[in-house]
Amino acid sequence: SIVARLHAMFDELDYNENNDIGLNEFLFWFEDARNVARCNHMGLDVSDPRGLFELLDASHRKVLQREDFVLGCLRLMGNAKSTTIAKLQVKLEQVMQDLDRVTAAVAKPASQDQSGASDRSTGVAQRELSESRRRMYYTRESSSQGIARAEERAMTLAELREVRRVMVDECTEEKWTNILTGSELQPEEVTLHDFNYYHISPETCTQGCILRGLACEAVAAGQQVVQRDPRSHLQRPMARGEVLEWLDDGALKVKLLEGRFVDNQIAPGATVVIDARACGEISSVDSPGAVSYKEIVSAEPTVPKWYTCHWWGESVLDFINCCEQHTKLHQLQERDSRYWICGYANRQHSLHEEINTSCLKETSFYKAMQLAEGVLLILDSEATPFTRMWCCFEIYKTVTTDRLRLNIATVPKDGSEEAIVLSQETLKGESDRTKNVRHSKFPHQLLMAGLTRRLEDGDCSVRADCERIRGYIARDAPQDVDQDAREAVALLRANQSLRSYFALVAWPFAIQYDLVRDFDGDGDIMEGDDLIHCLRDDETRTTLRFSLAHFEEVENADVRDLLDGLPPHLLDLNISFEACIGITNVGIKNFKDKLPRSLLSLHLSFMGCNQVSDEGIFALAAEIAELQYLSDLDLDCSMCPDITFASVAAIVGSMRPGLEKCCLRFRGTGVGRDFKTGIGKDCFKNVKELQAAVLGSSGLLPDSLSKSLPSKGSAAAVVAVAAAAARDSLPGSVPGAISSTVSMGRLSGMGGGAA
């Protein structure tokens, strides 16, 4: 089918297999007349390849993803005028987007004025809905058994969307007020504290509360029961309910309507008033049959795929927005969009059973993290989770646990409604360029918070929790560290890992605005300001995958800065400078003495860096020769027209005996082909066979180069000889003895099936 042929064409165009097509790949592919003929046969006008690329790149990302290419080509196929129509459509879409932004900017103040002028009633006496009114929100009653394990009470995205509907309806109809300020709440202002007070806590107290220790007489069913806040911090009562019955043992059974009743051990001085009569303090509270909110909406145990780290003061709508965008970006199916959220998973009326244990490993938080594949950190505009000890502990466990992925999400307060998500990994179907563009929208002040906050500065309301968490972190430190210094060492390493995460996210943004060495731009270099130090100080990092692909702002100095920031103990390094046209040989020479000698795997891409020539590759080859443990090398120099076969000889000559896997890409250069080891067509069986073919034993090199190659000796010596021979060759050309075969895009007689 046409669609299948377009998908196959995309795979051909995606020369470096990174899930996107850059302009260099696109133009290079159309240099082959056969490809032009294929497109014309399919009814696709390719008379102007550059114009076609710009037309398909309607989102202006400078790269084409599979969906852009396939759908764009389908739209263009037809008669000769289709490209003209499509250009008009793109321009019209841009105009409409601009119009939408202007309209939104004009309408926003007016809507704010309207909402401010609306009549807001206060002091609403009755806030409860009838039992039938509340239960209509749920498709089922909670089961008698419930979900026994708190760590298996994750919320699905569908359930979170139902939370949103319930919250918006009740907040509007019951006219909720802020429990701290007393001001009327709009749905977008409702926090988890508010939602718990008005909805979660009453809903999950399924059989009422048993209050003991009260001195009250002649109470009657239906009377109002209020527990006052002794500190006067709240503008609402700590809890409100109504009398159900006076029990034979002197206890009072109450239907909970708002908040949560607590005993005088938790809240000394919190008196209870029944219909304006003071009845003393509560000595104990029981909530038989109380469940978690998850158990209200579902009886099905749900193992989390993602653990959410957040604080209760963020907007519920923003939180759900973050989960929705996260699900969308990860392309999660309904069955996989499972988020563990403490406020919905823990039984709020029996928290001591699920989190107040002496061992952190027995808490619901810890157990849920062990089941999850990753952690989604949700930040408000103040980055408050960095100041909460429980959140800091969760972040600590994430950055010190290899299998856990850290994603970070926020809803910017710039008028946009869509959440922005950071991820360590490039997501499914996403290119490096798209990932960088997504990251570039993340608020600068939150990046700064991630670079400067220290996990040990977090605080919590229960002092014992702080001590437990610090004790755990100290025990988690390496065993060879002095006992007194273990906590400090563990926290230092965790802080370094967190800062390097944010440094990598911030780096492309910092290059654009020249902030790499002073990220806050105030001219005063302090801890966290210098991205180079933030990255380099991460001594525990062993893997680094980073892309600046298609960032035209990248120059030689930016290459130097990134190399200066490489952590010292890396084993796996993958950097892409694809289409960074500002990089020259000077930038490549910055690699000298900068690659960690511990490297086992090295992947570098200079594809489309058209100012790079043999001179730069010679310098890179000399540096590769020093990597004595390297077993995997992937170098992409395609679409660099000034590179000749001498560069291939230099790189191959730099290879040490331990190298097991190699891929050298040189299409679109003076070489015109790739060199790979492995199984398959056009592959060499191993590195030794590749070296034999390239370095002269197959008679492919000029005699002057073949004779001067040492039979034994260091790789650096081979590089030097190859470079010298290349300089003696004709300028800008392939060495003479092989020019005829290279120009045809193949090297004959290379063995290993290469042709």
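Residues numbered from 1 in each chain as written. Predicted model: local features only at pLDDT ≥ 70, side-chain atom pairs only at ≥ 80, totals over all residues. Heavy atoms only, no water.

Draft legend 1. Spotlight on the sheet that holds strand β19 (residues 632-636). One open sheet accounts for 7 strands, arranged β16-β17-β18-β19-β20-β21-β22; its pairing is mixed. One side of each edge strand has no neighbouring strand; the edge strands of this open sheet are β16 (543-547) and β22 (683-684). Sheet strands touched by helix α24 (residues 687-694): β20 (661-665), β21 (674-677) and β22. Its angle to β21, the strand with the most contacts, is close to 150°. (Pairing = 2+ DSSP bridges. Helix = DSSP H or I, 4+ residues; strand = E, 2+ residues; numbered from the N terminus. Contact = heavy atoms within 4.5 Å. Axes fitted to C-alpha atoms, helices over the stretch in contact; angles between N-to-C directions.)

Draft legend 2. Examining the packing of helix α13 (residues 364-371) against helix α14 (residues 389-399) more closely. Here α13 crosses α14 at 30°, and the two axes come no closer than 12 Å. Relative to α14, the element α13 is oriented roughly parallel. α13 and α14 meet at a crossing whose hand is right-handed. Taken together, the residues of α14 that come into contact with α13 (itself represented by F365, Y366 and M369) are W390, F393, E394, K397 and T398. Taken together, the residues that form the contact of α13 with α14 break down as 5 nonpolar, 1 polar and 2 charged. (Parallel < 35°, antiparallel > 145°, perpendicular 65-115°, else oblique. Left-handed = near helix turned anticlockwise from the far one by under 90°. Nonpolar A, V, L, I, M, F, W, Y, C, P; charged D, E, K, R; others polar.)

Draft legend 3. Focus on unusual backbone geometry. At D275, a residue that is not glycine, the phi angle is positive and equals roughly 45°. Locating D275 in the fold gives a position in the loop between β8 (271-274) and β9 (277-281). Backbone geometry places A383, a non-glycine residue, at a positive phi of 55°. Positionally, A383 belongs in the loop between β13 (374-378) and α14.

Draft legend 4. Structural view of the pattern of salt bridges. For the structure shown, the criterion picks out 40 salt bridges. For R164, the salt bridge goes to E324, with nearest N and O atoms at 2.8 Å. With a gap of 160 residues between them, R164 in helix α8 (residues 157-174) and E324 in helix α11 (residues 316-329) connect regions that are remote in the sequence. A residue is classified by how much of its surface remains accessible, and R164, at 25% relative accessible area, is partly exposed. Residues joined in a network through salt bridges with shared partners are R517, R560, D561, D564 and K594. (Salt bridge = Lys/Arg side-chain N within 4 Å of Asp/Glu carboxyl O. Buried < 20%, exposed > 50% of the residue type's maximum accessible area, 1.4 Å probe, protein only.)

Draft legend 5. Examining the packing of helix α17 (residues 463-475) against helix α18 (residues 486-512) more closely. Closest axis-to-axis distance for the α17/α18 pair is 7 Å, and the angle between their directions is 85°. In terms of orientation, α17 and α18 fall into the roughly perpendicular class. Between α17, through R470, I473, A474 and R475, and α18, the contact on the second element is made entirely by R486, E487, A490 and L491. By residue class, the composition of the contact of α17 with α18 is 4 nonpolar, no polar and 4 charged.

Draft legend 6. Looking closely at a nonpolar patch on the surface. A cluster of nonpolar side chains, V3, L71 and L74, forms an exposed patch at the surface whose accessible area comes to about 230 Å². The topology assignment puts L71 in helix α5 (residues 66-76). (Patch = residues over 30% accessible without salt bridge, like charges linked within 9 Å, V, L, I, M, F, W, Y side chains within 5 Å. Areas by Shrake-Rupley, 256 points an atom, 1.4 Å probe, with all protein chains shown as cover.)

Draft legend 7. The arrangement of the sheet that holds strand β7 (residues 252-259) in detail. As summarised here, the arrangement of the 7 strands in space is β9-β8-β5-β6-β7-β4-β10, forming an open sheet in which the pairing is antiparallel. Among the strands making up the open sheet, the edge pair consists of β9 and β10 (284-286). Strand-to-strand, the axes of this sheet are offset by a mean angle of 35°, without reference to chain direction. Note that strand β6 (residues 239-246) and β7 share 7 bridges and pair antiparallel. Each bridged residue has a counterpart across the sheet, and for A239 the counterpart in β7 is G259.

Draft legend 8. Broad picture of the confidence of the model for the protein. Confidence in the prediction for the protein averages 83 pLDDT; 82% of positions are at 70 or higher. Mean pLDDT values over the elements of the protein span from 31, in helix α27 (residues 739-743), up to 98, in strand β12 (residues 338-340). Ignoring residues within four places in sequence, the model shows residues 106-144, a span with pLDDT below 50, making 56 contacts including any to other chains. Here residues 725-755 is modelled with pLDDT under 50, and outside its nearest four sequence neighbours on either side it reaches 58 contacts, counting other chains as well. (pLDDT = per-residue confidence, 0-100.)

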